[in-house]
Amino acid sequence: MFEEAQYFAPIATQDDGSVVVELAASHPGFADPVYRARRNAIAGLAVNHRRGTPIPVAEYTEQEHEVWALVTRELAVKHRAYATAEYLAGAERLGLPRARIPQLQEVSELLEPLTGFRYLPAAGLVPLRDFYGVLADGYFHSTQYIRHHSVPFYTPEPDVVHEVIGHANALAHDRYAALYRLAGEAARRVEGEEALEFISKVFWFTLEFGVMREGGELRAYGAGILSSYGEIEEFRGMDIRPLDVAAMGTTHYDITKYQDVLFAADSLRHLEDVVGGFWATCDDDSIAKLVADAS
Ligand SMILES: [Fe+2]
């Protein structure tokens, strides 16, 4: 089973049409009925959303806006030390609000004139074929809830901080946006589940957890690292391996802890050549050959 399925809280639709998010007992918001009601309401917005219509407004509390403001401020300091120049340029161009959580509709409207990408609300896990496939059309599925305010620097699941600070700032740069589109085109091209999973793992080790050399040091461009207050301080000490599509597509990872194996590109051009080139041309047969050669 593909591990990312455990990443998101399951969503259930009741007989009366209401939507329930099944938080694990270990989730920081598990025992907070007000937070859980809000999570259910926000998930309901996504379940009932139809593409092409405005993304409904999610209601957040003042405490939640304060979480956003705090995390935005602290991450911005770390980004100056650890993020790639292109990610920083994307963030500058996008100009996300710093004091309050932006609505996804607003993120979409900031992003579309820059690179054509638009946001779509997701209640939880989106099936891989849909999540990756629509990247080819310039759509990015995003959760809309925010982490529990009791632990502002921790979330067990991808929340709006991850989706927007991690992904939208990268999607605001033309060269990263082009890579996201190529991943989507690759996902559309392949028919088999094995090939789709391979493509998604290459995405994981690049656009989620990718690092690259810049000015003699290692910097991150992956959304998973750049949205994590703890992980961003640790990635330089991990097992850093050379960029290698066959290795990325077949390396196991554990989503429940910091990623201890990372793949470094020598430059953005190197990433575009190796990974962009792979996504631009791969098919079921070429991926099957990479898997066979790697084993
Ligand atoms: Fe992500």
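Here, every reference points to the structure presented above.
Residues numbered from 1 in each chain as written. Predicted model: local features only at pLDDT ≥ 70, side-chain atom pairs only at ≥ 80, totals over all residues. Heavy atoms only, no water.

Draft legend 1. Examining the packing of aromatic side chains more closely. Evaluation of the coordinates by the stated rule reveals 17 aromatic pairs. Residues F117 and Y180 carry aromatic rings whose centres are separated by 6.3 Å and whose planes lie at 70° to one another, so their mutual orientation is edge-to-face. Of this pair, F117 sits in the loop between α4 (104-115) and β3 (118-121) while Y180 sits in helix α7 (residues 174-189), placing them 63 residues apart in sequence. Between F205 and Y253, the ring centres sit 5.7 Å apart and the planes meet at 90°, which makes this aromatic pair edge-to-face. (Phe/Tyr/Trp six-rings, centres within 6.5 Å; stacked < 30°, edge-to-face > 60°. Helix = DSSP H or I, 4+ residues; strand = E, 2+ residues; numbered from the N terminus.)

Draft legend 2. Highlighting the layout of surface pockets. Taken as a whole, the largest pocket encloses approximately 720 Å³ of empty space. By residue class, the composition of the lining of the largest pocket is 16 nonpolar, 11 polar and five charged. Roughly 430 Å³ of internal volume is contained in the second largest pocket. What lines the second largest pocket is a set of 16 residues, and nearest its centre among them are A76, A91, E92, R98 and N169. In terms of residue count, helix α2 (residues 62-82) provides more of the lining of the second largest pocket than any other element does, six residues in total. Taken together, the residues that form the lining of the second largest pocket break down as eight nonpolar, four polar and four charged. (1 Å grid on protein atoms, 1.4 Å probe; cavity = no way out; pocket = protein on both sides within 12 Å on 5 of 7 lines; lining within 4 Å. Points joined across faces, edges and corners; volume = space filled by probe spheres on them. Nonpolar A, V, L, I, M, F, W, Y, C, P; charged D, E, K, R; others polar.)

Draft legend 3. How the structure looks around empty space enclosed by the protein. Throughout the structure, instances matching the rule amount to two cavities of 30 Å³ or more. For the second largest cavity, the calculated volume is near 60 Å³. The element that contributes the greatest number of residues to the lining of the second largest cavity is helix α1 (residues 33-47), accounting for four residues. Within the lining of the second largest cavity, the residues separate by chemical class into eight nonpolar, two polar and one charged.

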